[in-house]
Amino acid sequence: MSRIYDVTVIGAGIVGMSILRELTRYRLNVCCLEKMEDVAEGASKANSAIVHAGYDPIEGTKKARFNVEGNNIFADICNELDVEYKMVGSLVVAFDDYEINVLEELLQRGKRNGVKGLEIKSQEWVFENEPNLSRNIKAALFAPYSGITNPYKLTVALFENAVQNGADIIFSFEVCKIEKDGDYFVVHSADSRFIKTRVLINCAGVYADEISKLAGAKLFKIYPRRGQYYILDKPDKMPVTRVIFQVPTEKGKGILVAPTVDGNVLIGPNSEYIDDKDDTATTQKGLDEVFEKAKKVLPSLSKRDVITTFSGIRATPDNHDFIIEEDENVENFINVAGIESPGLTSSVAIGRYIAEKVSSKLNAKRNLNFNPYREDIKRFLKLSDEERVRMIKLYPSFGNIVCRCELVSEYEILEAIKRGARTIDGIKRRTRAGMGRCQGGFCLPRVIGILSRELKIDKTKITKFGKNSYILTEKRWEE
Amino acid sequence: MEKYKVVVIGGGPAGLAAALESFKILDDKKVLIIERDKFLGGILNQCIHPGFGLHYFKEELTGPEYAHRFVEQVVENRIEYLTETHVIDITPEKEIVAVNKKGLKRIKADAIVLAMGCRERTRGAIITPGTRPAGIFTAGQAQRLINIEGYRIGKKAVIVGSGDIGLIMARRLTLEGIEVKAVVEIMPYSTGLRRNIVQCLDDFGIPLLLSHKVVKIHGKYRVEGVTIAKVDSQLQEIPATERFIECDTVLFSVGLIPENELSKKAGIVLDIKTGGPVVDNTFSTSQKGIFACGNVLHVHDLVDNVTLEAQIAGRYAAIYSQHPELFENNIHVNIVAKEGIRYVVPQKLNKNFVQPFVLRFRVDNFYKDAIVTVSNAGKVLVEYKKSILTPGEMESIEISQKILSQLDFSNDIVVSLQNI
Ligand SMILES: Cc1cc2nc3c(=O)[nH]c(=O)nc-3n(C[C@H](O)[C@H](O)[C@H](O)COP(=O)(O)OP(=O)(O)OC[C@H]3O[C@@H](n4cnc5c(N)ncnc54)[C@H](O)[C@@H]3O)c2cc1C
Ligand SMILES: Cc1cc2nc3c(=O)[nH]c(=O)nc-3n(C[C@H](O)[C@H](O)[C@H](O)COP(=O)(O)OP(=O)(O)OC[C@H]3O[C@@H](n4cnc5c(N)ncnc54)[C@H](O)[C@@H]3O)c2cc1C
């Protein structure tokens, strides 16, 4: 059996999901192919979660354009999709005269890129507004429209909304061969399934160069560049209220310290080119580097507050700009590749741009039934006691707390499963169960139990994130 | 709003003993235990190994057997309890918000006993580099999955941490047919009991690698191995001592942290060293009428000590609920940990209740031949010698009536240690 689509997206990261969702605004038969068992398994789950203002990218680049456009529409998108977004503002801090000059350059570049509200602030202003920062800071560039969001939840929300509006998604479909059959691409998976599609969009993250090659399209190279992070426990009082950057170097935007939308503190990333595109390990060297550099800005940092570490891999293209174009030689094959930072910020703007191009190319009509709204799962943690009482009356499982650190109820987990979570990590990203200070010490066995019961599969079949990531290896007796 | 004299939060051994003790004293018997799990008994329900009760019952019981003796009394006395009920808030006014499938309950207590136990430190908390595949567990998770749910969690394991829990889990995994390749301990000594090293490792030929740490976890989907290395006296990795151990499971048993999120909500002062509330010899926290005991107060090695401590907390909670005026105008003498002592509990002596009590403490390092002294106003009140002292073993000293009668109340009580 083969399915036939108008448009197919490869890769269910935030870029692929933005494009998929924007495509459902048109009367098109659209689909996404993803090699993993869930969305947001690549860079989109492991990044700094910053909605950048747009003073970083060199003017005239695609990065600059989509960053600024993305920043402008970000609040609206998060509002439509019920995803956390806080416009907290950011500071780039300078420690000496040389760095103050860089702030000036960034300010000018930002103005040329069309970023509003940029201002260089004095030392006094910095200490008054961010009293925990190092006293060695001399000045800072303030960008009021920088924000923070939840990148993997936005990816999940885009996915849910796309599916709600009629898109298909096929998981565990690792694209390994692309052929042409008349007007159609025939796209094959590693386990011998295939689909046909008129337009094919490559959003395969670090693997986008290989997909382009499979399609016989432009040859370019994506270099994996890793960044490592710490997550700190929710503090009684946030040590910083804005995103604090250091002056950027040729290696990127440098180590930042930022609040997360859930109330934790995020520190990182460093930048290192690696050989293996999948090597998301953290290293002692990398973690030490991150901690030292962050301490330079925020001297009170303590390793005692660390609850976890992780790393993400940037898809750095050889030309150092986003590659967003239909291929010169392969008609209807569109590369959306090399989407490193500010790819999260840019994703929705890229999605709109691509959807417009493709729909006009295919002469597609507007989908009048398109519903831009998606509602998040109701969170026990966020409701008032009165609302909790009401919810428990409707759904008794709302009164059963499964994750004690983040106060996640059984209802939330059931709802996540209904909406497509199949793995422990899928539940975690949708509900925060297991993301708290005990990192699933208490709730892991409970979440396994609920997944097994709801999916009607044995507990030994439950995985952390698909494939061979089994948690239990053998059943010893009946409970 | 429902009203109780004493509400105990947590139905582990601490909560059960405290509730029973309050119940004995109170005429109207208005005592309530709230437990979030399905069953009373706390962490003991998953500790199916023997070694509990040697001091309190003078016999060797398993965890569930030990807990059962208290659960039985709770049931016989018809002490009220709620299971599958999670306390989400407490206030300084001793109002409790608890939630379960039936709804949200608000309860007013005259006195509260905190007995929420502790949680485990994780791989992330000790910052272990490497990948993040499946197959990484805390000891408690593994214990629950194996002992209560009946699953095998892997084939070949490495255990990180050689405290009693790590040691006991090494034996448990072996008995379950999981090959334990090594127990890796960063310190030059194990913090576990000698008998556990013999019975859980030596008897099964499991190597204990002291002064070693896991420097990297490998594996994409499931753990494929760990790299370990030797560390120097500063606990820093010694170059070129790295070694790969193939395994599909890594078990972290690297310490427990008292679970005091609720205590913070009530504005209770915590001790940075213990991670639990600062209490006096009535086990009263800094909020009047709120008492604490068990692992929520400080992490215990033996449940027998938990029981003894909880009985005192339960007794004073009952007294408070009947006679709060006795706790008015509290004046305290501080009990301070000095050289060689990491912490002491209780941290204060209440002048309204000058009664004999047991001072429990931990030393801050491994010591051979040392004297522990308790002194006050420059005068030594008690002292005792010991050939070996380790941070892993909780120490205690009785503060008798005789000692109390010699006290100068305007000066701190100081506990310290000297090498001989
Ligand atoms: C360390 C770091 C920090 C960052 N910080 C920020 C920030 O603060 N702000 C910001 O705006 N941006 C940031 N970014 C950038 C942002 O995270 C990325 O631009 C964005 O997530 C890219 O999304 P994507 O969909 O292109 O890629 P991904 O999320 O990697 O998705 C690619 C998908 O393709 C799938 N795939 C690959 N090969 C195949 C195949 N053969 N068949 C089927 N599926 C396949 C993968 O499984 C994956 O799901 C950061 C990135 C990193 C790594
Ligand atoms: C692996 C392991 C091996 C051990 N081996 C031995 C041994 O051999 N011998 C020995 O004597 N001791 C042993 N111990 C130690 C002993 O079990 C503990 O010291 C003792 O159980 C602590 O009792 P507790 O009541 O303070 O805590 P717990 O037993 O942890 O009980 C706390 C209870 O509070 C509940 N709770 C917490 N928060 C809330 C809330 N918000 N609302 C409602 N309920 C809540 C929890 O669900 C739990 O049931 C071992 C411990 C472990 C983990």
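All of the points below concern the structure found in this document.

Reading guide: rules and limits
- Residues numbered from 1 in each chain as written.
- Chains lettered and ligands numbered in written order.
- Predicted model: local features only at pLDDT ≥ 70, side-chain atom pairs only at ≥ 80, totals over all residues.
- Heavy atoms only, no water.
- Helix = DSSP H or I, 4+ residues; strand = E, 2+ residues; numbered from the N terminus.
- Rg over C-alpha atoms; globule rule 2.2 N^0.38 Å.
- Buried < 20%, exposed > 50% of the residue type's maximum accessible area, 1.4 Å probe, protein only.
- Contact = heavy atoms within 4.5 Å.
- Areas by Shrake-Rupley, 256 points an atom, 1.4 Å probe, with all protein chains shown as cover.
- Phe/Tyr/Trp six-rings, centres within 6.5 Å; stacked < 30°, edge-to-face > 60°.
- Near = heavy atom within 4 Å.
- Polar contact = N/O pair within 3.5 Å; in protein donor to acceptor, adjacent residues only side chain to side chain.
- Nonpolar A, V, L, I, M, F, W, Y, C, P; charged D, E, K, R; others polar.
- Pairing = 2+ DSSP bridges.
- Core = buried A, V, L, I, M, F, W, Y, C linked by side-chain atoms within 4.5 Å.
- Right-handed = clockwise from strand over helix to strand, strands pointing away.

When helices and strands are counted, chain B shows 8 helices and 28 strands. The C-alpha radius of gyration of chain B comes to 22 Å, within 12% of the 22 Å expected for a compact globule of 420 residues. Taking the principal axes of the C-alpha coordinates as reference, chain B spans close to 65 × 60 × 40 Å. For chain B, with 420 residues in total, the buried portion stands at 58%. Within chain B, contacts between residues separated by at least 24 positions form 63% of all contacts whose residues are at least 6 apart in sequence. A total accessible area of about 16800 Å² is found for chain B, and carbon and sulfur atoms account for 51% of it.

Turning next to the packing of aromatic side chains. All names here are of chain B. Tallying each qualifying case throughout the model produces 23 aromatic pairs over all chains. Seen in terms of ring centroids, Y189 and F366 are 5.2 Å apart; in terms of plane orientation they differ by 25 degrees. Their pairing is stacked. With Y189 in the loop between β13 (179-184) and α5 (194-201) and F366 in the loop between β24 (357-363) and β25 (367-376), the pair connects residues that are 177 residues apart, well separated along the chain. Here F366 falls in the partly exposed class, since its relative accessible area comes to 35%. On the numbers, 6.0 Å between centres and 85 degrees between planes, the contact of F291 with F327 is edge-to-face. Pair noted here: F291 is in strand β20 (residues 290-292) and F327 is in the loop between α7 (303-322) and β21 (332-337), with a separation of 36 residues, a long-range link.

Residue and element names in this part refer to chain B. Around ligand 2, a shell composed of 32 residues is seen, among which A14, E35, I43, N295 and V303 lie nearest. At 3.3 Å, a backbone N or O of P13 approaches an oxygen atom of ligand 2. E35 places a polar side-chain atom, nitrogen or oxygen, 2.5 Å from an oxygen atom of ligand 2. Across the complex, the protein chains shield 93% of the 1000 Å² of accessible surface that ligand 2 would expose by itself. Contributing elements (two or more residues each) for the shell around ligand 2: α1 (13-25), β3 (50-52), β6 (86-90) and α7. The greatest single-element share of the shell around ligand 2, amounting to 3 residues, is contributed by α7. Across the shell around ligand 2, the residue classes break down as 15 nonpolar, 13 polar and 4 charged.

Whenever strands of a sheet pair, they do so through backbone hydrogen bonds, lying parallel or antiparallel. Residue and element names in this part refer to chain B. Judged by pairing direction, the sheet is parallel, and its 5 strands sit side by side in the order β10-β18-β12-β13-β14 without closing on themselves. The strands lining the two open edges of the sheet, one partner per strand, are β10 (136-138) and β14 (208-209). Both strand β12 (residues 156-160) and strand β18 (residues 249-252) contribute to a ladder of 4 bridges, which runs parallel. Residue pairing for β18: V158 is matched across the bridge by V250.

Quick look at the site of ligand 1 now. Residue and element names in this part refer to chain A. Around ligand 1 sit 39 residues in total, of which E34, S44, I50, I339 and T345 are the nearest. Contacts to ligand 1 include I14, whose backbone N or O atom sits 3.2 Å from an oxygen atom. Separating an oxygen atom of ligand 1 from a backbone N or O atom of I339 is a distance of 2.6 Å. In isolation ligand 1 exposes 1000 Å². Once the protein is present, 96% of that is buried. Looking at the shell around ligand 1 residue by residue, the class counts come to 21 nonpolar, 13 polar and 5 charged.

Right, let's get into the nonpolar core. The biggest cluster of nonpolar side chains holds 65 residues, and the ones touching the most others in it are B:I90, B:I96, B:L114 and B:F291. A total of 8 residues in this core trace back to one element, the largest contributor, which is α7(B). Leaving out residues up to four positions away in the same chain, B:I90 has contacts with B:I9, B:E95, B:I96, B:I112, B:L114, B:L262, B:K265 and B:A266. Membership of the second largest hydrophobic core comes to 56 residues, among which are A:Y411, A:I413, A:A416 and B:I197.

In this section: unusual backbone geometry. Along the chain, A:S341 connects to A:P342 via a cis peptide bond; the corresponding omega equals 5 degrees. With respect to the helices and strands, A:P342 occurs in the loop between β20 (333-337) and α8 (343-361). The omega angle of the peptide bond from B:V345 to B:P346 is 0 degrees, so this bond is cis rather than trans. The topology assignment puts B:P346 in the loop between β22 (341-345) and β23 (348-350). The backbone phi angle of A:L407 is positive, close to 50 degrees, even though this residue is not glycine. With respect to the helices, strands and loops of the structure, A:L407 is situated in the loop between β21 (401-403) and β22 (408-409). One non-glycine residue, B:K58, lies in the positive phi region at around 55 degrees. Among the residues examined, B:K58 registers a relative accessible area of 67% and is labelled exposed.

Attention now moves to the pairing of β13(B). All names here are of chain B. Across 5 bridges, β12 lies against β13 in parallel orientation. In the strand pairing of β13, I159 is matched with V183. Taken together, β12, helix α4 (residues 164-175) and β13 form a β-α-β motif whose crossover is right-handed. In terms of strand pairing, β13 meets β14 through 2 bridges, oriented parallel. Residue pairing in the sheet places V183 in a bridge with L208 of β14.

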